[in-house]
Amino acid sequence: MFLQKQFWNSFWGICILIAFIFAVHAWNLRLLYTDPTVRNQVKTSMEAVAEREGWLISDMPVRKVTRDWIVIHYRRHVRGPDPKTCYYIALDTHAISPCSL
Amino acid sequence: MLARILTIVGLQGFAVLTAMLHQHLGVHTDEAKYLLNIPYPHPPLMRWIMGLTDGWQHQELFWRIFFASCLIQCVWLVADMARNRTREERLTLCGLWLFTGALLLQAGTLMMATITAVEALFLCWMLARPELLRKWSILIAALWLEMLFVAYQGTLFAPLVWLALQKSNLSFSKRLTVFVVPIILLALYTLTNPLAVASLGLVGGMGRGADVSEILLHTFKLWLIGGSGVLSILGLLGMIRHRHWALFGTFLLVTIYCGVSYREYYAILFAPLFIAGAALPSQKIASPAFHLALQMVIGVLLFLYIPFAPLSTARAVRAALDDAGIAGPVLINGSFGHEWQYLMPGPVRKYNREEVDSAVAVICSPPGVCVEADHRLMDESGFRMYPGYGDEVWIRNQIP
């Protein structure tokens, strides 16, 4: 009985943790779903950057969206060590700049 | 006891064989997506775990053996589901599972549908063990959360999960919470991954353009592969005779999903439903030996006559690069799958004339996308065209 209670507590704990992580992430992307203009700008910018840099769209997940810029975490998806690099993409010029600057 | 150990070893040998067959056939785009944890279309749980091992030399083979073992060793769950049957019927049901066309064709592939099928069979097994459900209702909650975060098609099994929760010792409000919360979490995850949202729309539109007769024929083919005909009929009859509406409702959901998604690898989703239907107490199997023999013949015929996905050029290009002893960026002009990312020794990028100098290989897929100016550029940059591949392949010539 004690063991079962522990398992249930862990289950709810995991659910709350997942909800928290995804809620924060979804909040950062809310403009994608609430503003069609921003959504189209994001799509155009990502396609332009992917074309220019030779990147794949699936290698550049969006982390944050504002009305002026987006944040992506670019990863090449190769085997072995494969670090993520954070970039800002300006929605008007499609220019990219590293987040660390 | 010895017989049981020998059976486990024999089944494991079978699993390794199927894994090696698919290893020989090469990694495909969806498989590479999971092995490299590329963030679409499915939720992250399984692909994240697989992605943790992408530095292993034999990563692909390891996961192929793991997937195949899960699917094949599931036969023990089938045997337990039929524990009240005669020994002959029990063995027949196990044989029906092992000679399902979908299992023969898909054991050893690295598809999420395979894992969903294993989870679905586990769910059906728990339904056949009411005392376990009453005592360990947490297992249903954990399985439901896990099913949803492995693949979206886990939602198709919602009627069975609800039935399992009803059979548990949980109060109605707790049952409802356990059922709904993982679905909300999945919806929340989907909002965080715009690529998943876009690819879901793509899957929904796969059958667009096909007329009703084509969709029906495709779904019938999957139904046939999913149970090799014999199990397909026995399972469906079992669900109807036993009035097992949760099982039948799930069957209908899987059927609709197969019709809409238009992908052959979803055939495996039928298999656990059919075996659960055939294992129901009211579904007696007359002349089990005959049914098993017929199942074996149909299963083997399906295995022999349904073609496997065509080989990608990527593996041959990798071998050519290894032979030449060079590694570096590969440029691809045209459409390509994620297997290129998995197999190439360096990064894979879209073709850009300004980057040709830094590349070790240029692929034009399909042949003809590269025009005369591209050919001239590659000639001048020290590339040599390798004939005999499906695509146009240019590899940097080491000897000037």
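Keep in mind it's a predicted model, so treat the numbers as computed, not measured. (Residues numbered from 1 in each chain as written. Chains lettered and ligands numbered in written order. Predicted model: local features only at pLDDT ≥ 70, side-chain atom pairs only at ≥ 80, totals over all residues. Heavy atoms only, no water.)

Residues and elements named next belong to chain B. Per-residue confidence for chain B gives a mean pLDDT of 91, with 97% of residues at or over 70. Looking over chain B, one finds the lowest element-wise mean pLDDT in helix 13 (residues 194-204), namely 74, and the highest in helix 4 (residues 59-73), namely 97. With a pTM of 0.92, the predicted complex shows an ipTM of 0.94. (pLDDT = per-residue confidence, 0-100. Helix = DSSP H or I, 4+ residues; strand = E, 2+ residues; numbered from the N terminus.)

Okay, the interface of chain A and chain B next. Counting from both sides, the interface comprises 33 residues of chain A and, opposite them, 43 residues of chain B. Summed over both sides, the interface of chain A with chain B buries roughly 3200 Å², with 67% coming from carbon and sulfur. Looking only at chain A, the three residues that lose the most surface to chain B are A:Trp8, A:Phe22 and A:Arg79, adding up to 22% of its buried area. B:Asp54 serves as the salt-bridge partner of A:Arg75, at 3.9 Å between the closest nitrogen and oxygen. Viewed at the interface, chain B and chain A are joined by 11 residue pairs in polar contact (both at pLDDT 80 or more). With 14 residues, helix 1 (residues 2-28) of chain A is the largest single contributor of residues to the side of chain A that touches chain B. Looking at the side of chain A that touches chain B residue by residue, the classes come out as 20 nonpolar, six polar and seven charged. (Contact = heavy atoms within 4.5 Å. Buried area = accessible area lost by both parts, 1.4 Å probe. Salt bridge = Lys/Arg side-chain N within 4 Å of Asp/Glu carboxyl O. Polar contact = N/O pair within 3.5 Å; in protein donor to acceptor, adjacent residues only side chain to side chain. Nonpolar A, V, L, I, M, F, W, Y, C, P; charged D, E, K, R; others polar.)

Moving on, we get to the domain arrangement of chain B. Interfaces are frequently sized by the accessible area removed from exposure as the parts join. All names here are of chain B. Taken domain by domain, chain B consists of domain 1 (2-305) and domain 2 (313-396). Summarising the inter-unit geometry, the C-alpha centres of domain 1 and domain 2 are found 38 Å apart. Listed by partner, the interface residues are 15 residues for domain 1 and seven residues for domain 2. When the two sides are added together, the surface that domain 1 and domain 2 hide from each other amounts to roughly 810 Å², 62% of it contributed by carbon and sulfur. Taken as a group, Val27, Thr29 and Leu36 account for 45% of the area that domain 1 buries against domain 2, more than any other trio of residues on that side. Where domain 1 packs against domain 2, one counts five residue pairs in polar contact (both at pLDDT 80 or more). Only helix 1 (2-25), helix 2 (29-35) and helix 4 provide two or more residues apiece to the side of domain 1 that touches domain 2. The greatest single-element share of the side of domain 1 that touches domain 2, amounting to four residues, is contributed by helix 2. (Domains from an automatic or database assignment.)

Our focus in this paragraph is helix 1 of chain B. All names here are of chain B. Between its terminal C-alpha atoms helix 1 stretches 35 Å, which fits the 34 Å expected from 24 residues at 1.5 Å a residue. When helix 1 is considered as a whole, its buried residues turn out to be Leu11, Ala15, Thr18, Ala19, His22 and Leu25. Of the surrounding elements, those touching the buried residues of helix 1 are helix 4, helix 5 (75-81), helix 6 (87-98), helix 7 (101-106) and helix 19 (313-324). Once helix 1 ends, the next one or two residues include Gly26, with phi positive near 95°. (Expected span 1.5 Å × (residues − 1). Buried < 20%, exposed > 50% of the residue type's maximum accessible area, 1.4 Å probe, protein only.)

Okay, the sheet that holds strand 1 (residues 62-65) of chain A next. Residues and elements named next belong to chain A. Sheet architecture is open: four strands sit in the order 1-2-3-4, paired in antiparallel fashion. Looking along the sheet, the strands with just one partner apiece sit at the ends: strand 1 and strand 4 (96-98). Here the average twist between neighbouring strands, direction ignored, is 25°. The pairing of strand 2 (residues 69-74) with strand 3 (residues 85-90) spans six bridges and is antiparallel. If you follow Ile72 over to strand 3, its bridge partner there is Tyr87. (Pairing = 2+ DSSP bridges. Axes fitted to C-alpha atoms, helices over the stretch in contact; angles between N-to-C directions.)

Okay, the side chain of B:Thr116 next. All names here are of chain B. Take Thr116: it is sitting in helix 8 (residues 112-127). When its relative accessible area of 0% is taken as the criterion, Thr116 is described as buried. Residues within four places of Thr116 in sequence aside, it is in contact with Met147, Ala151, Gln153, Gly154, Phe157 and Leu269.

So, on to the pattern of salt bridges. Counted under the stated rule, the structure contains 16 salt bridges over all chains. Linking A:Asp35 and A:Arg67 is a salt bridge whose minimum nitrogen-to-oxygen distance equals 2.3 Å. Separated by 32 residues along the polypeptide, A:Asp35 in the loop between helix 2 (30-34) and helix 3 (36-53) and A:Arg67 in the loop between strand 1 and strand 2 bring together distant segments of the chain. For A:Asp35, a relative accessible area of 14% puts it in the buried group. Exposure remark for A:Arg67: the relative accessible area of 51% places this residue in the exposed category. Note that B:Arg85 and B:Glu89 form a salt bridge whose closest N and O atoms lie 3.8 Å from each other. For B:Arg85, a relative accessible area of 9% gives the class buried.

Turning our eyes to something else, we now look at the layout of surface pockets. All names here are of chain B. The space that makes up the second largest pocket amounts to roughly 750 Å³. Around the second largest pocket, the lining is made up of 30 residues, and of these His28, Glu264, Tyr265, Phe308 and Ala309 lie nearest the centre. The greatest single-element share of the lining of the second largest pocket, amounting to four residues, is contributed by helix 14 (residues 212-227). Grouping the constituent residues of the lining of the second largest pocket by class yields 15 nonpolar, eight polar and seven charged. (1 Å grid on protein atoms, 1.4 Å probe; cavity = no way out; pocket = protein on both sides within 12 Å on 5 of 7 lines; lining within 4 Å. Points joined across faces, edges and corners; volume = space filled by probe spheres on them.)

So, about the sheet that holds strand 5 (residues 392-396) of chain B. Residue and element names in this part refer to chain B. If you walk across this open sheet you meet the five strands as 2-1-3-5-4, and the pairing is mixed. The outermost strands of the open sheet, each flanked by one partner alone, are strand 2 (348-350) and strand 4 (383-386). When strand polarity is set aside, the average angle formed by the axes of neighbouring strands in this sheet is 25°. Alignment of strand 3 (residues 361-365) against strand 5, held across four bridges, turns out to be antiparallel. Counterpart to Val362 in the pairing with strand 5 is Trp394. Across the sheet, helix 21 (residues 372-380) lies against strand 1 (330-334), strand 3, strand 4 and strand 5, angled at about 25° from strand 5, the strand it touches most.

Moving on: a nonpolar patch on the surface. A cluster of nonpolar side chains, namely B:Val297, B:Val300, B:Leu301, B:Leu304 and B:Tyr305, defines an oily patch on the protein surface of about 520 Å² accessible area. By the secondary structure assignment, B:Leu304 is in helix 18 (residues 288-305). (Patch = residues over 30% accessible without salt bridge, like charges linked within 9 Å, V, L, I, M, F, W, Y side chains within 5 Å. Areas by Shrake-Rupley, 256 points an atom, 1.4 Å probe, with all protein chains shown as cover.)

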